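Listed below, chain by chain, are the residues.
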Amino acid sequence: PLHMSSAAATPADAPSSMQIRSFALRDISFLSVTTAFALVLFAQVGFIVHLISFLDPVIGRASAAFALGLLAAMAVVGRVLFSTVIDQLNQRLASALSFLSQAMALVVLINFHAEWLLIAACAVFGFSVGNLITLPSLIVQREFDARSFGVLISLLTAITQVTYAFGPGVIGALRDLSGSYTMPFYGCVGLELMAAVLVMVRGKSAVPRS
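Predicted model only: the values in this text are computed from it and were never measured.

### Some words on the packing of aromatic side chains
Under the counting rule described, the total for this entry stands at eight aromatic pairs. Ring plane angle 70 degrees and centroid distance 5.3 Å describe the contact between phenylalanine 47 and phenylalanine 185, whose orientation is recorded as edge-to-face. Residue phenylalanine 47 is located in helix H2 (residues 28–59), and its partner phenylalanine 185 is located in helix H9 (residues 182–198); the two are separated by 138 residues in the primary sequence. Of the two residues examined, phenylalanine 47 and phenylalanine 185, each falls in the buried class. The positively charged end of arginine 175 is found above the aromatic ring belonging to tyrosine 181, 5.5 Å away from the centroid.

### Points about helix H1 (residues 17–24)
Buried within H1 we find Ile20, Phe23 and Ala24. Mapping the buried residues of H1 onto a view down its axis gives an arc of 100 degrees, with all of them on the same face.

### Some words on the environment of isoleucine 20
Structurally, isoleucine 20 can be placed in helix H1. Judged by its relative accessible area of 3%, isoleucine 20 is buried. The spacing of isoleucine 20 and threonine 157 is 137 residues in sequence and 15 Å in space, taken between C-alpha atoms.

### Quick word on a nonpolar patch on the surface
Taken together, the side chains of Leu93, Leu97, Leu100, Leu193 and Met200 define a hydrophobic patch exposed on the protein surface, amounting to about 420 Å² of accessible area. In this fold, leucine 100 is placed in helix H4 (residues 91–111).

### Observations concerning the packing of H1 against helix H7 (residues 149–164)
One can describe the packing of H1 onto H7 by two numbers: an axis separation of 10 Å at closest approach and a directional angle of 55 degrees. With respect to H7, the element H1 is oriented oblique. The hand of the H1/H7 crossing is right-handed. Across the interface between the two elements, Ser17, Ile20, Arg21 and Ala24 of H1 pack against Val151, Leu152 and Leu155 of H7. For the contact of H1 with H7, a count of residues per class yields five nonpolar, one polar and one charged.

About the cut-offs
Residues numbered from 1 in each chain as written. Predicted model: local features only at pLDDT ≥ 70, side-chain atom pairs only at ≥ 80, totals over all residues. Heavy atoms only, no water. Phe/Tyr/Trp six-rings, centres within 6.5 Å; stacked < 30°, edge-to-face > 60°. Helix = DSSP H or I, 4+ residues; strand = E, 2+ residues; numbered from the N terminus. Buried < 20%, exposed > 50% of the residue type's maximum accessible area, 1.4 Å probe, protein only. Lys NZ or Arg CZ within 6 Å of the ring centre and 35° of its normal. Arc of directions from axis to C-beta. Patch = residues over 30% accessible without salt bridge, like charges linked within 9 Å, V, L, I, M, F, W, Y side chains within 5 Å. Areas by Shrake-Rupley, 256 points an atom, 1.4 Å probe, with all protein chains shown as cover. Salt bridge = Lys/Arg side-chain N within 4 Å of Asp/Glu carboxyl O. Axes fitted to C-alpha atoms, helices over the stretch in contact; angles between N-to-C directions. Parallel < 35°, antiparallel > 145°, perpendicular 65-115°, else oblique. Left-handed = near helix turned anticlockwise from the far one by under 90°. Contact = heavy atoms within 4.5 Å. Nonpolar A, V, L, I, M, F, W, Y, C, P; charged D, E, K, R; others polar.

Pasting the structure below:
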């Protein structure tokens, strides 16, 4: 079974890796997490790769580099702070709020030009960056059978990594087509908002519980 099962279940009852992957691809709860994080990481990686190019004409190379460094530092701070409380939180809700905070930061970056505000928006965006790497595994660990954890995380990671690898290229292509970063960054905002809705979706298991 894919979801958490009775403690009486024995190792002999455990499904094969192929069965687990088949179950997972029909399981709404797993697909909602995987799709949400694939969309968010696509937007996140694409945005970060293009951040210097976006900020350089607005606030200069030195300030743009500082903003990127602050974003990275806030990713560490956010991850450390979250680690102290994440077990007590609704992890899907925490994920959705993280997505929304990044979306709001992107809206500020697109629409304002004050240097301090842009740097602050980068800090807000960065606060969630590290958590979005660890939250999927925490959700899977909490919601699914421990015997399926390794296979599920491998499948989720494969899907999200293939997806976000296209982020920088797609954003760059859209920037070239539109002549600015406004359209691709608003596209990232849309992906973040879609992900915030998707990650809250939970359905019945594709497999009956033991």
